[in-house]
Each structure stands twice: as C-alpha cells, then as structure tokens.
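Structural description and commentary
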Amino acid sequence: MEVYQSLGLQAVLGLFSHIFFIGITFYAIQSFRFDQLFKKGHTFQIQLVYILFSIAIGSSVSNFVLEITNWSRQLPYLFS
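These numbers come from a predicted model, not from an experiment.

Conventions and cut-offs
Residues numbered from 1 in each chain as written. Predicted model: local features only at pLDDT ≥ 70, side-chain atom pairs only at ≥ 80, totals over all residues. Heavy atoms only, no water. Helix = DSSP H or I, 4+ residues; strand = E, 2+ residues; numbered from the N terminus. Contact = heavy atoms within 4.5 Å. Areas by Shrake-Rupley, 256 points an atom, 1.4 Å probe, with all protein chains shown as cover. Buried < 20%, exposed > 50% of the residue type's maximum accessible area, 1.4 Å probe, protein only. Polar contact = N/O pair within 3.5 Å; in protein donor to acceptor, adjacent residues only side chain to side chain. Expected span 1.5 Å × (residues − 1).

Considerations on the overall build of the protein
When you go through the protein residue by residue, the secondary structure sums to two helices and zero strands. Projected onto the principal axes, the alpha-carbon positions of the protein cover approximately 60 × 25 × 15 Å. Restricting to contacts in the protein with at least 6 residues of sequence separation, those with at least 24 account for 73%. Carbon and sulfur atoms make up 70% of the accessible area of the protein, which amounts to about 6,800 Å² in all.

Right, dumping it as structure tokens:
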C-alpha cells in the first residue's frame with residue numbers, strides 16, 4: 001500500500017507543480033508586448049500565444065524542478 005501512496009503523492013505534486021509554474025509563467029509573460037508582433041485586431045491569436053508560451057515554459061520549469069527533487073531523493077543511495 002505504501003507504493004501506491006507514494007505514486008499518488010508524486011502525481012499530486014507533479015500536477016500542482018505544473019499548474020503553479022504555468023500560472024507564474026503566465027503572469028511573467030504578460031510583461032512582454034506581443035501585440036506589437038501581431039497584426040491589429042488579432043486579439044485571440046495574441047491570447048493563444050500567451051497561453052501556449054506559458055504552458056511550454058511553465059512545464060519545462062516544472063519538469064526541471066521535479067527532476068532535481070527526484071535526483072536529490074536518490075542521492076542517499078550513492079552512499080549506501
């Protein structure tokens with residue numbers, strides 16, 4: 001039963017991490033002026049670019065943090 005709880009905990013941590021970092025990235029990306037790169041009146045495309053960039057960058061950062069966390073948990077096995 002402990003294995004299932006560990007897997008469930010990792011799943012919840014992964015979901016929370018991805019959502020958190022995507023939200024932080026979305027907030028940070030809003031400081032850029034993508035509207036200057038697009039034609040006037042294409043609001044939907046600009047919003048879509050914000051969302052897609054947020055997902056791409058936020059997921060990458062989240063994967064990095066989760067990988068570092070998993071590797072740091074495995075370090076004690078090096079010395080046992």
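There's more to say after this.
Let's talk about the side chain of Ser17
With respect to the helices and strands, Ser17 occurs in helix H1 (residues 2-29). Using a relative accessible area of 7% as the deciding quantity, one classes Ser17 as buried. Only 2.7 Å separates the side chain of Ser17 from the side chain of Ser62, close enough to count as a polar contact.

Some points on H1
Taking 1.5 Å per residue, 28 residues should reach 40 Å; H1 reaches 40 Å between its end C-alpha atoms and fits that length. Taken together, the buried positions of H1 are occupied by Gly14, Ser17, Phe21, Thr25 and Ile29. Taken together, the buried residues of H1 touch helix H2 (43-74).

Remember, this is a structural readout, not a statement about activity or role.
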